[in-house]
Amino acid sequence: MQTRSIGGRQVGAIGLGGMPMSIEGRPDTARSIATIHAALDAGVTLIDTADAYHVGADEVGHNEELIATALRSAGSAADDVLVATKGGHLRPGDGSWTRNGDPAYLKQAAKASARRLGVDAIGLYQFHRPDPAVPYADSVGALADLLDDGVIQMAGISNADPDQIREANEVLGGRLVSVQNQFSPRFRSSLPELELCAELGIAFLPWSPLGGIALARSGELGADFAAFLDVAREREVSPFRVALAWELALAPVVVPIPGASRPESVTDSAAAAELVLSDDEIARLGAAGA
Ligand SMILES: NC(=O)c1ccc[n+]([C@@H]2O[C@H](COP(=O)([O-])OP(=O)(O)OC[C@H]3O[C@@H](n4cnc5c(N)ncnc54)[C@H](OP(=O)(O)O)[C@@H]3O)[C@@H](O)[C@H]2O)c1
């Protein structure tokens, strides 16, 4: 698979999002492990997770533990995998998502994530979502301390606007390596953040790059976007693959992290790294959401 850089580390241009394997509607463990192994077979070397990817309040880190188990059983095939986890979101067990950007909390959450992942230092740790109750610089300051203390190797942020991207990079002394925001054919409002990342040379990881679990599972990606269906038919590939190839074409810093809970999904998505769209196709797809 072609590779892209996150903080100087090369990863496959298409990653795997772990969320569908641990939240509501998740499959059994065997199918999840098979999905992660299929990702590795397809050349995926970036797996995105979070301590908050779970359902019950008593199973914090469900997805991190699942990924750690799958990577252990994959042996040397997992050697080059970068696991990117996140802290700052919590799930109290009633289906909601709450926030905690307190620096002391984030530091202990990162150490707990490292333990679950079975690593001395987390490859990439991302602050999940700004907490309005805590100054942003204080939350990101925790990541700077975690870097300095060797608890994490690289630092990223998620759900950030352009001002927050600049502020985080400043607080981190220029060590911000990634921004993870929602971006897909259907939800394009983070285009300014994508463009800023391209300008600064920071990796941009579109989350829900297929429009989100419910939409993608319904097969509806292309329903509002005839251009994606047309290109998919012409190329004889899935519209999901076209969507991911289009995102890759927007800037060399883009590394989509499509979620999956079936081996077939991740195998099909991974092949987007090899689908090179023409300038005409890219223009048609760009215009589809205008
Ligand atoms: N930072 C944040 O705040 C945030 C928020 C949301 C998500 N995320 C991250 O972003 C990742 C991706 O987002 P997402 O999982 O919400 O949504 P998504 O990637 O837009 O859609 C995921 C769904 O798409 C289906 N799918 C994937 N590839 C497919 C293909 N080639 N053909 C057919 N179906 C396909 C999968 O179905 P099956 O389940 O049937 O395989 C999966 O459940 C998450 O897993 C998570 O790691 C981050």
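Being a predicted model, the structure only gives us computed values, none of them experimental.

1. Examining the site of the ligand
Neighbouring the ligand are 31 residues; Asp48, Ser158, Ser261, Arg262 and Ser265 lie closest to it. At 3.4 Å from an oxygen atom of the ligand is found a main-chain nitrogen or oxygen belonging to Gly17. Ser265 is positioned such that a nitrogen or oxygen atom in its side chain is 2.7 Å from an oxygen atom of the ligand. Computed on the free molecule, the ligand has an accessible area of 900 Å², of which 94% lies beneath the protein chains in the complex. Those elements giving two or more residues to the shell around the ligand turn out to be α7 (213-217) and α10 (263-270).

2. Let's talk about the packing of helix α2 (residues 62-74) against helix α3 (residues 103-117)
Between α2 and α3, the least distance of the axes is 8 Å, while the angle of their chain directions is 30°. Contacts from Glu64, Glu65 and Ala68 of α2 reach α3 at Ser113, Arg116 and Leu117. The residue makeup of the contact of α2 with α3, split by class, is two nonpolar, one polar and three charged.

3. Focus: the environment of Val231
Along the chain, Val231 falls in helix α8 (residues 226-235). Given a relative accessible area of 0%, Val231 falls into the buried group. C-alpha of Val231 to C-alpha of Pro252: the two residues are 21 residues apart in sequence and 21 Å apart in space. What Val231 contacts, discounting residues up to four positions off in sequence, is Val242, Leu277, Glu281, Arg284 and Leu285.

Definitions and limits used
- Per-chain numbering applies: the sequence of each chain, read as written, is numbered from 1 onward.
- The predicted origin of the model limits local features to residues at a pLDDT of at least 70 and limits the giving and counting of side-chain atom pairs to 80 or more, whereas totals for whole chains, interfaces and linings rest on all residues.
- Only heavy atoms go into the side-chain values, all of them from the structure, while hydrogens and water stay out.
- Near, as used in this document, describes a residue that has one of its heavy atoms within 4 Å of the molecule or strand being considered.
- Whenever a nitrogen or oxygen atom comes within 3.5 Å of another N or O atom, the pair is scored as a polar contact, on the condition that within protein one atom can donate a hydrogen and the other can accept it, and that pairs from neighbouring residues in sequence are kept only if both atoms are in side chains.
- Per-residue accessibility takes into account occlusion by the displayed protein chains alone, with areas from the Shrake-Rupley method and a 1.4 Å probe.
- Numbering goes from the N terminus for both helices and strands, where a helix is a DSSP run of H or I of at least four residues and a strand is a run of E of at least two.
- Axis definition: a line fit to C-alpha positions, over the contact stretch in the case of helices; interaxial angles, taken between N-to-C directions, run 0 to 180 degrees.
- The contact definition used throughout considers only heavy atoms, calling two residues in contact when any of these lie within 4.5 Å.
- In this classification, Asp, Glu, Lys and Arg are treated as charged, Ala, Val, Leu, Ile, Met, Phe, Trp, Tyr, Cys and Pro as nonpolar, and every other residue, Gly included, as polar.
- The buried label applies to any residue whose accessible area, calculated with a 1.4 Å probe on protein chains only, is under 20% of its type's maximum; exposed applies above 50%, and partly exposed to all values in between.

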